[in-house]
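Structural features, examined
Listed below are the residues making up each chain.
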Amino acid sequence: IIGPSGVGKSTFMKLLSGDLKPATGTIHWGVTTTRSYCPQDIKQVLPKGITLFQYLHDQNPELDMGSIRGVLGRMLFTGEDGDKKTEVLSGGESVRVTLSKMMLDEPNVLLLDEPTNHLDLESIEALNESLKMFPGTTFFVSHDRQFISSIANRIIEIFPDGSMQDFAGNYEDYLAWAAKQKK
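Let me sum up the structure you'll find in this document. (Residues numbered from 1 in each chain as written. Predicted model: local features only at pLDDT ≥ 70, side-chain atom pairs only at ≥ 80, totals over all residues. Heavy atoms only, no water.)

**Some points on the packing of helix α4 (residues 65-74) against helix α5 (residues 91-105)**
Basically, it comes down to this: For every element, the axis is a line fit to its C-alpha atoms; helices are fit only across the contacting stretch, and the angle between N-to-C directions ranges from 0 to 180 degrees. Put simply, DSSP H or I for four residues or longer makes a helix, DSSP E for two residues or longer makes a strand, and each gets a number counted from the N terminus. By the definition adopted for this analysis, an angle is roughly parallel if under 35 degrees, roughly antiparallel if over 145, roughly perpendicular if from 65 to 115, and oblique otherwise. Should the near helix be turned anticlockwise from the far one by less than a right angle, the crossing is left-handed, and should it be turned clockwise, the crossing is right-handed. Working rule for contacts: check all heavy atoms of both residues, and any pair within 4.5 Å makes them a contact. Three residue categories are used. Nonpolar comprises Ala, Val, Leu, Ile, Met, Phe, Trp, Tyr, Cys and Pro, charged comprises Asp, Glu, Lys and Arg, and polar comprises the others, including Gly.
In the contact formed by α4 and α5, the axes pass within 9 Å of each other and the chain directions differ by 130 degrees. With respect to their mutual orientation, α4 and α5 come out oblique. Both α4 and α5 take part in a crossing whose hand is right-handed. Contacts between α4 and α5 involve Val71, Leu72 and Arg74 from the former and Val97, Ser100, Met103 and Leu104 from the latter. Its residues placed into classes, the contact of α4 with α5 shows five nonpolar, one polar and one charged.

**Focus on the sheet that holds strand β1 (residues 35-38)**
This is how the line gets drawn: Pairing between strands requires that DSSP locate at least two bridges from one strand to the other.
A sheet is described by the order of its strands in space; here three strands give the open sequence β1-β2-β3, paired in parallel fashion. Of all strands in the sheet, those with a lone pairing partner are β1 and β3 (137-141), marking the two edges. Across the sheet, the axes of successive neighbouring strands diverge by a mean angle of 10 degrees, strand direction being ignored. Pairing analysis gives five bridges linking strand β2 (residues 109-113) to β3, with the strands arranged parallel. By the bridge assignment, leucine 111 is partnered in β3 with phenylalanine 139. The strands touched by α5 are β1 and β2; relative to β1, the strand with the most contacts, the crossing angle is about 180 degrees.

**Some details on the packing of aromatic side chains**
Selection criterion: Any Phe, Tyr or Trp ring, taking Trp's six-membered ring, that has another such ring centre within 6.5 Å forms a pair; planes under 30 degrees apart are called stacked, those over 60 apart edge-to-face, and the others tilted. Any Lys NZ or Arg CZ that is within 6 Å of a ring centre and within 35 degrees of that ring's normal is treated as a charge sitting over the ring.
If you walk through the whole model with that rule in mind, you get five aromatic pairs. The structure contains a cluster of three or more aromatic residues connected by ring pairs, namely Phe167, Tyr174 and Trp177. The ring of phenylalanine 77 carries arginine 96 above its face, with NZ or CZ at 4.4 Å from the centroid.

**Description of the pairing of strand β5 (residues 164-168)**
Looking at chain direction, strand β4 (residues 154-158) and β5 are connected through five bridges and run antiparallel. Bridge assignment links isoleucine 158 to a residue of β5, and that residue is methionine 164. Counting the residues in the hairpin turn of β4 and β5 gives five residues, including glycine 162, whose phi is positive at 95 degrees.

**A few points about the pattern of salt bridges**
Applied cut-off: The working definition used for a salt bridge is a side-chain nitrogen of Lys or Arg within 4 Å of a carboxyl oxygen of Asp or Glu. Only protein chains enter the accessibility calculation, which uses a 1.4 Å probe. A residue is then buried if its area is under 20% of the maximum for its type, exposed if over 50%, and partly exposed in between.
Under the criterion given, the structure shown has four salt bridges. The partner of glutamate 129 in a salt bridge is lysine 132, with the nearest N and O atoms 3.4 Å apart. A residue pair is termed a helical-turn pair when its members lie 3 or 4 positions apart in one helix, as glutamate 129 and lysine 132 do in helix α6 (residues 121-133) at three residues. Of the residues examined, lysine 132 reaches a relative accessible area of 45% and is grouped as partly exposed.

Rendered as structure tokens:
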């Protein structure tokens, strides 16, 4: 999902996630659909005053600490990092702990609102590879052209006038198609 800043991409993601209700109409997901959402403003949704372990355990109380440590380790949180309080996390760490939660959710639909904004290059590459292997559906908002090019197979562009263009194809094909439309 692409478009200039301020056209409603994050609002669209909040509608898809269920965090916002549409003013008109309804959104229906299939009965076997399970969604997990990584918002753009992660720091605002992470609870304060708890550790990473507590946060992930609260989200998935059936899991043992070993399973939670394993997920945190895959997201580059090692040793005592699980004892960090959520309010001291950097932007990139906040994204990584949210991605950890999403891994534990085991969704078949991912909703990612600018997930690369606070990540370093190594984390972006790891996310990119993980999304390529993800067997479900991913909706993502990004301004990172390389990230879009590497994983998108459908482009939805939202324009300032509120209209949208839905294009089945990769980013390079969309850019070529859009350039022809302007002629």
